[in-house]
Amino acid sequence: MNESSLPAYTLDEARDRETFIALTDAFSFPGRPVTLRPFDDADTPVRIGLALLDLETSFHAVDPLVESRLLHTGARRVSIQDAEYLFFSSLDPQKVNALRAVRNGSMLRPDDSATLIINCTFASGSVFRWTGPGIHQSIEVRLGAIPAAFWTLRRAAGPFPLGFDVILCDGDVIMGLPRSTAVQSV
Amino acid sequence: MYIATRGGEEAIQQSEALYHLLNGELKRETVQRLQESLPYLVDRIMGEASLYCPELAALAIAQTGGDLYEAVLLLRAYRATRPRIAYAQPVHAREVLTVRRISAAFKDVPGGQVLGPSLDYSHRLLRLDVLDGKSDESGLGFTPSERPASPTYPAVADWQRQQGLLRNQDADDTPAGEIPDLTTESVQFPASRAHRLQALARADTGGVLALGYSVMRGYGLIHPTVNELRLGLAEVMVQHPVTGVTFSAGRVRVSQCEVVAPAGDETSYSVGFAATLGWNEVKLIAASTLDLNMAAHDEGSPQHPAHAEEFVMYHTEPVESSGFCIHFKLPHYVTFSSTADNVRKVTQAVLGASNAAVTHMPVSATPETEEA
């Protein structure tokens, strides 16, 4: 084994690896903010897409800039109902309505469901109480720019193990919201 | 019942640190030495992990102190995070750069028997003199042939098909992206041919041998003949995503085995097949024998668990089987407490009944004693 026989550990690979570990942290501890270390000019949803998408995954991105970056992963661009990963730069009631078709898995294949990557705000907005696996007793989370209809849609996608998982983003901070987390408004 | 353990964090950290301390420092040189000196172990781990990278397999072996199930788990976890960037073209036996190709069916197979590297005919004697400092010269007796051997050899099965001994079989032309993938989807039974071959390719060597040996020894439907056993190097041919040009991304060590037995109607032979990354002869002979037995069972009812696809595929999976086995050492306090409560209740009930009997006995015994 000489050095030249090993593939180079590229900056892209390092970035994707760090993003992946941050995502596992975020889903292990729902509601706990995880800050991504800055790497390059890729904004957070694109970084998440670059870490998760490949030749065998499908995605839907509302923002054409995000879409064009993610097409380089080889992932298939598909409609909302077929997408495994959905990217929303912002969420409004109209987009929430379109999300009714999102995949929520089946009892035999609960993993056959979607992951939503949504931009929102953590500093302002309504306060919610989250409970569930990975949360000690309960945690209060402030979230802005998420329409109330989204929470109704999320409840309707269940019950567990059915549902979809969400990665919330605000700048370089992410928060995991797996389907196993119960959300109540305070 | 599974419960989360709380506390003991420092004890857990110390336990892990002690494990690594006793295994010695993990160094690049150690990994390099392992990769150079234990190629068959590295191959075995790469096959079971279904990840071809000798450097990483050697690292996994070193990092786990040689606990092979842990090493396979490390590699599979790493593999799961790698993006798929292209699909390689199918590898044909006749194109594999073959270093060893033998047949137990016919001595004079086209291309001849190619022994290649093997310990098959060696004396199994420990080289104790090496421990006394004597240098190992066992490889020095090798003399390269003046005329290089052919790099490729035809498939024995192709020749047998021409002879009418094997039935023609159409190649499966499913596009690469649509081939069922055991590593990303759950298995349904009866399993697809792709799932079965993938399961055998990444199966635990020891597990496959145990079940394979059971059908060879006395619980089989069929006596297998090794039609062809081949070790070689396969070019990984992929298409460039932008230019569309097909090129070799590198060579990987591969092995494959075919065993045959007379088909049910005895007008031809049935074939059992297995292939894996790396060179692992014993696993492939056992796996292809299991494949043949499972195929025979597909046509009837199983007479032995090792004929049943579901039994074989589930119980030879190294990560799931070892993981399930070792999870039993994790806290099962609630389960145990529940059964212990029951044991106490039953014990007390039994004791209560026997105490009642004991209390009663002296009453009847007393007269006897008195009589005595």
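Look up a bit, the structure's there.
Below: a short report on this structure. (Residues numbered from 1 in each chain as written. Chains lettered and ligands numbered in written order. Predicted model: local features only at pLDDT ≥ 70, side-chain atom pairs only at ≥ 80, totals over all residues. Heavy atoms only, no water.)

Our focus in this paragraph is the packing of helix 3 (residues 39-49) of chain B against helix 5 (residues 68-80) of chain B. Residue and element names in this part refer to chain B. Direction vectors running N to C along helix 3 and helix 5 enclose 50 degrees, while the axes themselves pass 9 Å from each other. It follows that helix 3 is oblique to helix 5 by the angle criterion. Crossing angle aside, the handedness with which helix 3 passes helix 5 is right-handed. Of the residues in helix 5, those touching helix 3 at Leu41, Arg44, Ile45, Glu48 and Ala49 are Leu68, Ala71, Val72, Leu75, Arg76 and Arg79. Class assignment of the residues belonging to the contact of helix 3 with helix 5 gives a composition of 7 nonpolar, no polar and 4 charged. (Axes fitted to C-alpha atoms, helices over the stretch in contact; angles between N-to-C directions. Helix = DSSP H or I, 4+ residues; strand = E, 2+ residues; numbered from the N terminus. Parallel < 35°, antiparallel > 145°, perpendicular 65-115°, else oblique. Left-handed = near helix turned anticlockwise from the far one by under 90°. Contact = heavy atoms within 4.5 Å. Nonpolar A, V, L, I, M, F, W, Y, C, P; charged D, E, K, R; others polar.)

Residues and elements named next belong to chain A. The mixed open sheet is built from 7 strands, whose spatial order is 1-9-8-5-4-2-3. Edge positions in the open sheet fall to strand 1 (34-35) and strand 3 (76-77), since each of these has one partner strand only. By the bridge criterion, 5 bridges tie strand 8 (residues 165-170) to strand 9 (residues 173-177) in an arrangement that is antiparallel. Bridge assignment links Cys169 to a residue of strand 9, and that residue is Ile174. Contacts between helix 1 (residues 11-28) and the sheet are confined to strand 1, strand 8 and strand 9, with strand 9 contributing the most and set at about 50 degrees to the helix. Docked against the sheet, helix 2 (residues 44-52) engages strand 4 (85-88), strand 5 (115-119), strand 8 and strand 9, running at close to 140 degrees with respect to strand 8. (Pairing = 2+ DSSP bridges.)

This paragraph deals with unusual backbone geometry. Here the amide bond leading from Phe160(A) into Pro161(A) is cis, since omega sits at 15 degrees, within 30 degrees of zero. Here Pro161(A) shows up in the loop between helix 5 (148-156) and strand 8. Cis geometry marks the peptide bond from Phe189(B) to Pro190(B), where omega comes out at 0 degrees. You can see Pro190(B) is positioned in the loop between helix 7 (156-162) and helix 8 (193-201). With phi around 60 degrees, Gln137(A) is a residue other than glycine that occupies positive phi space.

What follows covers the nonpolar core. All names here are of chain A. Ranked by internal contacts, the top residues of the largest apolar core, which has 31 residues, are Leu99, Leu116, Trp130, Phe150 and Leu168. Of all the secondary structure elements, the ones that give two or more residues to this core are strand 4, strand 5, strand 6 (121-131), strand 7 (139-144), helix 5, strand 8 and strand 9. Residues in contact with Leu99, not counting those within four places in the same chain, are Ile80, Leu86, Phe88, Leu91, Leu116, Phe150 and Leu153. (Core = buried A, V, L, I, M, F, W, Y, C linked by side-chain atoms within 4.5 Å. Buried < 20%, exposed > 50% of the residue type's maximum accessible area, 1.4 Å probe, protein only.)

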